[in-house]
Amino acid sequence: MDDKFEPEELNLNEANSPLGAEEIPLSPDEEQLLGDLGLFGSTRREFLGQSMAAILGTFAFGLLAQEEALAALAPSPDAVYASQTPAKFENAVRILVKINGARQRIDVDSRTVLLDALRENLALTGTKKGCDQGQCGACTVMVDGRRVLSCLTLAATCDGKEVTTIEGLAKGNELHPMQAAFIKHDGFQCGYCTPGQICSAVALLQEAKNGDASHVTPDVRERSRNLTLSENEIKERMSGNICRCGAYPGIVAAIREVQSGNRTAQTWGFVSEERIALAMNPEGKMEVRHNEIV
């Protein structure tokens, strides 16, 4: 058998070649030169890769030298420089607003929405940012007793007004009746929309006291105060607050109970330690010694 050595052809598509050397097109003269030098196969690819690295290094040093030369030039007397300490806000406005019963004086950009001012400036993160487009109702708060979408309300328009968020409903450790009713009727699951749902429900009851009409009001010409809301009325008035978990039956039940004042029995309860121990016992037996479950 003829063991004559044949040079390996350059594989232009091989992925492991250094610095993309396999993609370098070579002229016939360059191919002849590399052949005369005895550079074939991997040796040839290594040579091309090292050549590319040297070229790139020279180019980088040239850029660095150019940058140093430009830095050494004296600045033009007409040059304008950006401020090293930019203003906190481009269009700053100072507003005085009463939030959850406390007066607050805050500086905000004139374009800042109430939602961002509450969360970022005042750390009132109970108000949630959902869609940020006024579609879901998770950011609902009350301004002067009326519910608004804080993601669509400019903070500057609240100057001199009173804002109530979910943090301002409870009185110390005593929950607002609507908050207690939501817990009682299991009106939430993940809880993300719950602050907006509760604020909207509280404002809804005030709307009913004022006699405000809704889309399902039979006759809008009849304006009577202290309306008794039906289930359909509650659903329509709460339609701007979306619950992705689908806890609507519990939400409606909570609102109806608070408005009517008719307390119903709670249909669920927190599991006790005894029942947990019983459930964990494979034999279904439980023994208590000295007030300890064993």
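Keep in mind that this is a model prediction, so the values were computed, not measured. The residue numbering used here restarts from 1 in each chain and proceeds along that chain's sequence as written. Side-chain atom pairs in this predicted model are given and counted only at pLDDT of 80 or more, local residue features only at pLDDT of at least 70, and totals for whole chains, interfaces and linings cover all residues. Only hydrogens and water are set aside; all other atoms, that is, all heavy atoms of the structure, feed into the side-chain values.

(A) Representation of the overall build of the protein chain in the model. Secondary structure counts use DSSP, requiring at least four H or I residues in a row for a helix and at least two E residues in a row for a strand, with both numbered from the N terminus. Within the protein chain, the regular secondary structure consists of eight helices and seven strands. Accessibility here uses a 1.4 Å probe with only protein chains present; expressed as a share of the type maximum, an area under 20% marks a residue as buried, one over 50% as exposed, and anything in between as partly exposed. Expressed as a percentage of its 294 residues, the buried residues of the protein chain come to 30%. In this description, contact between two residues means that some pair of their heavy atoms is separated by no more than 4.5 Å. Pairs at least 24 apart in sequence give 53% of the contacts found in the protein chain among residues at least 6 apart.

(B) Geometry of the packing of helix H4 (residues 177-184) against helix H7 (residues 248-260). Think of each axis as a best-fit line through the C-alpha atoms, taken over the contacting stretch in the case of a helix, with angles from 0 to 180 degrees between the N-to-C directions. Closest axis-to-axis distance for the H4/H7 pair is 8 Å, and the angle between their directions is 135 degrees. Comparing the axis directions of H4 and H7 gives the class oblique. The crossing of H4 and H7 is right-handed. In contact with Pro177, Met178, Ala181, Phe182 and Lys184 of H4, H7 contributes Ile251, Ala254, Ile255, Glu257 and Val258. For the contact of H4 with H7, the per-class residue count stands at eight nonpolar, no polar and two charged. Our angle categories are set so that under 35 degrees counts as roughly parallel, over 145 as roughly antiparallel, 65 to 115 as roughly perpendicular, and the remainder as oblique. Here a crossing is called left-handed whenever its near helix is offset anticlockwise from the far helix by less than a right angle, and right-handed whenever the offset is clockwise. For this classification, Asp, Glu, Lys and Arg are treated as charged, while Ala, Val, Leu, Ile, Met, Phe, Trp, Tyr, Cys and Pro are nonpolar and the rest, including Gly, are polar.

(C) Summary view of the pairing of strand S3 (residues 140-143). Residues Thr140 and Met142 of S3 are buried on one face, and the alternating residues Val141 and Val143, pointing to the opposite face, are buried as well. For two strands to be treated as a pair, DSSP must find at least two bridges joining them. With four bridges joining them, S3 and strand S4 (residues 146-149) adopt antiparallel strand pairing. For Thr140, the partnering residue across the bridge sits in S4 and is Leu149. The antiparallel hairpin formed by S3 and S4 contains two residues in its connecting segment, where Asp144 sits at a positive phi of about 55 degrees. Bridging between S3 and strand S5 (residues 162-164) involves two bridges; their strand directions are antiparallel. Counterpart to Met142 in the pairing with S5 is Thr164.

(D) Up close: the nonpolar core. Of all hydrophobic cores here, the largest spans 25 residues; its most connected members are Leu169, Met178, Phe182, Ile198, Met238 and Ile255. The definition of a nonpolar core used throughout is a set of buried Ala, Val, Leu, Ile, Met, Phe, Trp, Tyr and Cys residues joined through side-chain atoms within 4.5 Å. Leu118, Val143, Cys158 and Val163 belong to the second-largest nonpolar core, a separate cluster that totals 15 residues.

(E) Up close: the side chain of Glu257. Relative to the elements of secondary structure, Glu257 occurs in helix H7. Excluding residues that lie within four positions of it along the chain, Glu257 makes contacts with Lys184, His185, Asn262, Arg263 and Thr264.

(F) Local environment of the sheet that holds S4. Reading across the sheet, the five strands line up as S2-S1-S5-S3-S4 and stay open at both edges, with mixed pairing between neighbours. In the strand order of this sheet, the two ends are held by strand S2 (102-109) and S4, each with one partner. Taking each pair of neighbouring strands and ignoring which way they run, the sheet shows an average axis angle of 40 degrees. Relative to the sheet, helix H5 (residues 194-210) contacts S3 and S4, its axis offset from that of S3 by approximately 40 degrees.

(G) Just a nonpolar patch on the surface, in detail. Grouping into patches uses exposed residues only, defined as over 30% relative accessible area, and leaves out salt-bridged ones; the cut-off is 9 Å for like charges and 5 Å for nonpolar side chains (Val, Leu, Ile, Met, Phe, Trp, Tyr). Values of accessible area rely on a 1.4 Å probe in the Shrake-Rupley scheme; residue burial ignores everything except the protein chains shown. We count a salt bridge whenever a side-chain nitrogen from Lys or Arg sits within 4 Å of a carboxyl oxygen from Asp or Glu. Taken together, the side chains of Val271, Ile276 and Met280 define a hydrophobic patch exposed on the protein surface, amounting to about 320 Å² of accessible area. Structurally, Met280 is set in helix H8 (residues 273-280).

(H) Local environment of the packing of H5 against H7. Where H5 contacts H7, the axes come no closer than 11 Å and their chain directions differ by 40 degrees. In terms of axis orientation, H5 runs oblique to H7. Both H5 and H7 take part in a crossing whose hand is right-handed. Only Ile251, Ile255, Val258 and Gln259 of H7 make contact with H5, whose side of the interface consists of Gln197, Ala201, Leu204, Leu205 and Ala208.

(I) Summary view of the pattern of salt bridges. Under the defined criterion, the tally for this structure stands at twelve salt bridges. Measuring nitrogen to oxygen at the nearest pair gives 2.9 Å for the salt bridge that ties Asp109 to Arg111. Under the relative-accessibility criterion, Asp109 is labelled buried at 9%. Two residues, Arg147 and Glu207, come together in a salt bridge whose shortest N-O distance is 2.9 Å. Taken together, the residues Arg147 in strand S4 and Glu207 in helix H5 connect sequence positions 60 residues apart. Note on Glu207: relative accessible area 12%, which makes it buried.

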